[in-house]
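Chain by chain, the residues run as shown.
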Amino acid sequence: MQYRIIRSDRKTVALQVKAGEVIVRAPRAMTREEISAFVEKHREWINKKLAVFSKTPSGPTITDEGIHLLTERARQIIPPRVAHYASLVGVDYNRIAIRHQKTKWGSCSGKKNLNFNCLLLLTPTEVMDSVIVHELCHLKHMNHSKEFYNEVLRVCPNYKQYDRWLKQNGGDLIRRMPSK
């Protein structure tokens, strides 16, 4: 199995499958043999994740024009929802950007800028809102700690259900994006 290794000052090893690529994030001191054993130990999980990327989309490919229209519509729909949930979370933010990414549904920067994927408009409203809440909660906790998830669940009690929906169906939506 092929994989890319990214070494850093981290203390633990982690696996990531993004857009069909296997990435191993490892401590600098970890040997290739230890990394290989770790990958082998998690082969079943990796294959399950890779299978998601190998499926063909169940819907038609979204055209470039369709992406443009989704982006424009998202610029109208998402900011008012962000404002609503920001008041519930109790945070301020700066800029909101709408993108068409193949690996992320949303992100948040240290400068309080928020980014959202235009494909969120193709998800149920509750799922879109759960991503918005997730990113806004990062303005309080820039991690995925217990405190972070407690805040997410306070504002969005059914977050786990919506996150599961995104994990089960999101890959199919992303596969419908035009390939460049």
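It should be emphasised that the depicted structure is a prediction, and the values quoted were computed from it without experimental measurement. (Residues numbered from 1 in each chain as written. Predicted model: local features only at pLDDT ≥ 70, side-chain atom pairs only at ≥ 80, totals over all residues. Heavy atoms only, no water.)

Student: Outline helix α6 (residues 159-175), listing residues and values.
Tutor: Counted at 1.5 Å a residue, the expected span for α6 with its 17 residues is 24 Å, and the 24 Å between its end C-alpha atoms agrees. Along α6, the sharpest kink reaches roughly 45°, centred on Asn169. Tyr159, Tyr162, Leu166, Gly170, Asp172, Leu173, Ile174 and Arg175 are the residues of α6 that are buried. (Helix = DSSP H or I, 4+ residues; strand = E, 2+ residues; numbered from the N terminus. Expected span 1.5 Å × (residues − 1). Bend = angle between axes of the 7 residues up to and from the residue. Buried < 20%, exposed > 50% of the residue type's maximum accessible area, 1.4 Å probe, protein only.)

Student: Report on the sheet that holds strand β2 (residues 14-18), specifying residues and quantitative values.
Tutor: Taken together, three strands build an open sheet; the order of strands is β1-β3-β2 and the sheet is mixed. Edge positions in the open sheet fall to β1 (4-8) and β2, since each of these has one partner strand only. Each strand of the sheet is rotated relative to its neighbour by a mean of 25°, with strand direction disregarded. Each of β1, β2 and β3 (21-27) is contacted by helix α1 (residues 32-41), which is oriented at about 125° to β1, the strand it contacts most. (Pairing = 2+ DSSP bridges. Axes fitted to C-alpha atoms, helices over the stretch in contact; angles between N-to-C directions. Contact = heavy atoms within 4.5 Å.)

Student: So what about the sheet that holds strand β4 (residues 96-99)? Which residues, and what values?
Tutor: Overall, mixed pairing links the three strands, which are arranged β4-β6-β5 in an open sheet. Either end of the sheet is taken by a strand with one partner, and the two such strands are β4 and β5 (106-108). Averaged over all neighbouring strand pairs, the angle between strand axes comes to 15°, with direction disregarded. Inspection of the sheet shows β4 paired to strand β6 (residues 114-117) by four bridges, in the parallel sense. Opposite Arg99, over in β6, you have Asn117 as the bridge partner. The strands that helix α3 (residues 64-89) touches are β4 and β6; relative to β4, the one it contacts most, it runs at about 145°. Helix α4 (residues 125-137) contacts β5 and β6 of the sheet and is inclined by roughly 160° relative to β6.

Student: Can you lay out the pairing of β3 for me, pointing to particular residues and giving the numbers?
Tutor: Summarising burial for β3: five of the seven residues are buried, a large majority. Of the strand pairs in this sheet, β1 and β3 are connected by five bridges, and their pairing is parallel. When the bridges of β3 are listed, Arg7 appears paired with Ala26. Looking at chain direction, β2 and β3 are connected through five bridges and run antiparallel. By the bridge assignment for β3, Leu15 is matched with Val24.

Student: Provide a residue-level description of the packing of aromatic side chains, including the pertinent values.
Tutor: A complete count under the given rule lists two aromatic pairs for this structure. Between Phe148 and Tyr149, the aromatic rings sit 4.9 Å apart at their centres with planes inclined by 80°, giving edge-to-face as the arrangement. Its relative accessible area of 30% is what places Tyr149 among the partly exposed residues. Aromatic pair Tyr149 and Tyr159: ring centres 6.2 Å apart, planes at 45°, arrangement tilted. Note that Tyr149 is positioned in helix α5 (residues 146-155) and Tyr159 in helix α6, a separation of ten residues in sequence. Site record: aromatic cluster; members linked through ring pairs are Phe148, Tyr149 and Tyr159. (Phe/Tyr/Trp six-rings, centres within 6.5 Å; stacked < 30°, edge-to-face > 60°.)

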